Amino acid sequence: MATITTGTTGTTRAKQATTSGAAAEPAGPTGPRRGRTPQWLTGLTQALDRPLTAYYLLLGASALLLTIGVIMVLSASSVYAYQQNGGDSYAVVKRQLMWVGLGLPAAFVATRLPTWVLRKLAWLGLAVAVVLLALTQTPLGVEVNGNTNWLALGPVQIQPSEIAKLALILWAAHVYARKERRLHDWHHLVFPVVPGVLLVAGLVILGHDLGTALVMFAILLGMLWVAGAPGRLFAFALTVVGVGAFYLATTNDERRERLLSFADPFKDYLNAGWQPAHGLYALSTGGWFGEGIGASQQKWGDLPEAHTDFIFAVLGEELGLIGTLLVLALFLTIAFAATRVASTTSDPFVRYASFGITIWLLGQMIINVGMVLAMLPVIGIPLPLISYGGSALLPSLVALGILVGFARSEPEAARALAARRRRRATGVSAASAPAATRPRTGQRRGQ
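Let me begin by describing the structure that accompanies this report. Remember, predicted model here, so these are calculated numbers, not experimental data. (Residues numbered from 1 in each chain as written. Predicted model: local features only at pLDDT ≥ 70, side-chain atom pairs only at ≥ 80, totals over all residues. Heavy atoms only, no water.)

### Quick word on the overall build of the protein
Test applied: Numbering of helices and strands runs from the N terminus, with a helix taken as a DSSP run of H or I at least four residues long and a strand as a DSSP run of E at least two residues long. Whether a residue is buried, partly exposed or exposed follows from its accessible area with a 1.4 Å probe, protein chains only, as a fraction of its type maximum: under 20%, in between, or over 50%, in that order. The contact criterion used throughout is that any non-hydrogen atoms of two residues lie within 4.5 Å. Here the open area of atoms and residues is found with the Shrake-Rupley method and a 1.4 Å probe, where only the protein chains shown may cover a residue.
Across its full length, the protein holds 17 helices and three strands. Looking at the protein residue by residue over its 447 residues, the buried ones come to 45%. Within the protein, residue pairs in contact and separated by at least 24 positions form 68% of the contacts whose partners lie at least 6 positions apart. When the accessible surface of the protein is summed, it comes to about 22,600 Å², and 65% of that surface belongs to carbon and sulfur atoms.

Structure (structure tokens):
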């Protein structure tokens, strides 16, 4: 009997423990469950899955970068403009605003251009870029900082190599889209894209602009990767480009000094290390939140090219680590949205062009930031949308306009925009719109 009583008591206690344990865990859908996706992550996933997400991300990130760029050009160029323009501290930013005024309408037009128009203009754009680059080697060419890569057209000076970057991307995308089913053959993969890029890059190198030529080679390698080039071709191309760039760098005294001193700019502080050293001073002074807009000390003559190639250093000094991370996050947002457009589209031209523009803008940003952080040699590459310069700003805005046009032309995005226009025309709110006309969320494209 004692044994039975003990067993019964143990069983009763086990039941009570089980009952109390079950009561301790909250019941219902609000209780914690293992493996359940957090609500914020579910909401973020649904938001990113909406048809117009890439469209809005491209618009928002581009607008914010352009706004930050104008503000930073105003701040970084104020001292230089005051010295060079008879006391007018706003002379440089006025010219930048003029280019913004030209670039925004051009970008808007680019958003409305159908792909067949862009493909019709591809060969013409490449031909114009080659002619303009060739003209820089004539008396019309202008030398700036040792590089004859500028062209004087009346009162305006332009840099044809910046136009050539966009022209190369659209042309290569058109060629690869036309050869989509034959790209498994290395002959179709290489010709005529590789010789065309080498021709344009060779004209740029004739003007002694090695940095821009390296960006063009990066675009070429990125396009080959998207087109499915084999690994051995990449190894060969990287070897040729690396050896060629090293040879060209060592044949010029200034480039050789930059190459030897970039890892430790303080070793040759008064010569080749002056600019990267003061860039590091600016970034270290900024701390977390910066000294404030207009409070940079390095722009007062110590930091050369403060409003062009080294504007990121001034940005870090005035806006701090938070400001620099914001700029990097905006570039990554553009890359994410463009990659999403490229990976979901059924049009091969859109895919190649989107990847090419992404490689161009993101790669140039990485090179510029690497220069300022003394992780790469100083090769004179501006920061897209941020640095001063109309020749760089205008093609960048047109390229972003093309990406926005691709995003809004996607079938689901086009239907969502059309439904929104109908609601506005009829005065029907989104909440009261019929379910058939409302854009669906949480559904991936192509499903």
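### Describing the packing of helix H6 (residues 122–135) against helix H9 (residues 193–206)
This is how the line gets drawn: All axes are obtained by fitting lines to C-alpha atoms, using only the stretch in contact for helices, and the reported angles, taken between N-to-C directions, cover 0 to 180 degrees. By definition in this entry, angles of less than 35 degrees are roughly parallel, angles greater than 145 are roughly antiparallel, angles of 65 to 115 are roughly perpendicular, and the rest are oblique. Each crossing gets its handedness from the near helix: less than a right angle anticlockwise from the far helix is left-handed, clockwise is right-handed. Throughout, the ten residues Ala, Val, Leu, Ile, Met, Phe, Trp, Tyr, Cys and Pro are labelled nonpolar, Asp, Glu, Lys and Arg are labelled charged, and all others, Gly among them, are labelled polar.
One can describe the packing of H6 onto H9 by two numbers: an axis separation of 9 Å at closest approach and a directional angle of 20 degrees. As judged from the angle between their axes, H6 and H9 are roughly parallel. At the point where H6 passes H9, the crossing takes the left-handed sense. In contact with Leu 126, Val 130, Leu 133 and Ala 134 of H6, H9 contributes Leu 199, Val 200, Leu 203 and Val 204. Here the contact of H6 with H9 is composed, by residue class, of eight nonpolar, no polar and no charged.

### So, the sheet that holds strand E3 (residues 156–158)
Filter applied, for reference: Whether two strands pair comes down to DSSP finding at least two bridges between them.
Across the sheet, which stays open at both edges, the three strands sit in the order E1-E2-E3 with antiparallel pairing between neighbours. Every other strand in the sheet has two partners, leaving strand E1 (141–144) and E3 as the edge strands with one partner each. Across the sheet, the axes of successive neighbouring strands diverge by a mean angle of 45 degrees, strand direction being ignored.

### Looking at H6
Residues spaced three or four apart along an α-helix face the same direction, because each turn holds 3.6 residues. The line we're drawing: Every helix has an expected span of 1.5 Å times one less than the residues it contains. Think of the arc as the fan of directions from the helix axis to the C-beta atoms.
The first and last C-alpha atoms of H6 sit 20 Å apart over 14 residues, in line with the 20 Å expected at 1.5 Å per residue. Listing the buried residues of H6 in full gives Ala 122, Leu 126, Ala 129, Leu 132 and Leu 133. For H6, the buried positions fall inside an angular range of 130 degrees around the axis, keeping them on one side. Next to the buried residues of H6 lie helix H5 (115–120), strand E2 (147–153), E3, helix H7 (160–178) and H9.

### Here we look at empty space enclosed by the protein
Applicable threshold: Cavity means a closed set of points on a 1 Å grid over the protein atoms alone, one where a 1.4 Å probe fits but cannot get out, pocket means an open set with protein on both sides within 12 Å along at least 5 of 7 lines, and lining means a residue has an atom within 4 Å of a point. Grid points are joined across faces, edges and corners, and a volume is the space filled by probe spheres set on the points.
Summed over all chains, the structure comprises four cavities of 30 Å³ or more. Taken as a whole, the largest cavity encloses approximately 80 Å³ of empty space. Lining of the largest cavity is provided by Phe 331, Ile 334, Ala 335, Thr 358, Leu 361, Leu 362, Pro 384, Leu 385, Ser 396 and Leu 400. Counting only elements with at least two residues in the lining of the largest cavity, the list comes to helix H14 (311–344), helix H15 (348–372) and helix H16 (390–409). Broken down by class, the residue content of the lining of the largest cavity amounts to eight nonpolar, two polar and no charged.

### Some remarks on the side chain of Ser 296
Rules: What qualifies as a polar contact is a pair of N or O atoms within 3.5 Å, subject to a donor-acceptor requirement within protein and to the restriction that residues adjacent in sequence count only when both atoms come from side chains.
Positionally, Ser 296 belongs in the loop between helix H13 (274–286) and H14. Overall, Ser 296 belongs to the buried group, its relative accessible area being 1%. Side chain to side chain, Ser 296 and Glu 317 meet in a polar contact 2.6 Å long. Sequence-distant contacts of Ser 296, defined by excluding residues within four places in its chain, comprise Val 314, Glu 317 and Glu 318.

### Concerning the pattern of salt bridges
Going by this rule: The term salt bridge refers to a pairing of a side-chain nitrogen on Lys or Arg with a carboxyl oxygen on Asp or Glu at a separation within 4 Å.
Considering all chains together, one arrives at four salt bridges under this definition. Across the pair Lys 299 and Glu 318 runs a salt bridge whose closest N-O atoms are separated by 3.5 Å. Taken as a pair, Lys 299 in the loop between H13 and H14 and Glu 318 in helix H14 lie far apart in primary sequence, 19 residues in all. The pair formed by Lys 299 and Glu 318 is uniform in burial state, with each residue classed as buried.

### Things to note about the nonpolar core
Condition: The definition of a nonpolar core used throughout is a set of buried Ala, Val, Leu, Ile, Met, Phe, Trp, Tyr and Cys residues joined through side-chain atoms within 4.5 Å.
Among the nonpolar cores identified, the biggest contains 110 residues, and Leu 65, Tyr 176, Leu 224, Tyr 352, Trp 360, Ile 402 and Phe 406 are the most heavily contacted of them. Setting aside residues no more than four positions away along its own chain, Tyr 176 makes contact with Leu 183, His 188, Leu 189, Val 193, Met 223, Leu 224, Ala 227 and Tyr 352.

### Topic: the layout of surface pockets
Estimated volume of the second largest pocket: approximately 530 Å³. Gly 125, Ile 163, Leu 166, Ala 167 and Val 398 are, among the 23 residues lining the second largest pocket, the residues nearest its centre. When residues of the lining of the second largest pocket are traced back to their parent elements, those giving at least two are helix H4 (91–112), H6, H7 and H16. The dominant element in the lining of the second largest pocket, judged by the number of residues it contributes, is H16, at six residues. For the lining of the second largest pocket, the residue count by class is 19 nonpolar, four polar and no charged.

### Here's the deal with a nonpolar patch on the surface
The cut-off we apply is this: The patches described consist of residues with a relative accessible area above 30% and no salt bridge, like charges being joined within 9 Å and nonpolar side chains (Val, Leu, Ile, Met, Phe, Trp, Tyr) within 5 Å.
A grouping of Trp 40, Leu 41, Leu 44, Leu 48 and Phe 336 is seen on the molecular surface, where their side chains present a nonpolar patch of about 480 Å² in accessible area. The biggest single contributor to the nonpolar patch is helix H2 (residues 39–48), with four residues.

### Focus on the environment of Ala 172
Along the chain, Ala 172 falls in helix H7. Each C-alpha atom, one on Ala 172 and one on Ile 219, is 9.9 Å from the other, the two residues being 47 residues apart in sequence.

### Considerations on unusual backbone geometry
Of the consecutive residues Phe 191 and Pro 192, the connecting peptide bond is found in the cis state with omega at 0 degrees. Phi is positive for His 208, close to 70 degrees, though the residue is something other than glycine. Secondary-structure assignment places His 208 in the loop between H9 and helix H10 (210–227). His 208 gets classed as partly exposed once you look at its relative accessible area, which sits at 41%. Even without glycine at this site, Ala 374 takes up a positive phi of about 60 degrees. Among the secondary structure elements, Ala 374 is positioned in the loop between H15 and H16. For Ala 374, a relative accessible area of 11% gives the class buried.

### Remarks on helix H3 (residues 53–84)
Using the following cut-off: Bend is the name given here to the angle between axes fitted to two runs of seven residues, the run ending at a residue and the run starting at it.
Along its 32 residues, H3 runs 45 Å from first to last C-alpha, staying within 8% of the 46 Å computed at 1.5 Å per residue. The sharpest bend along H3 reaches about 55 degrees and sits at Ser 77. Looking one or two residues beyond H3, the residue adopting positive phi is Gly 86, at roughly 60 degrees.

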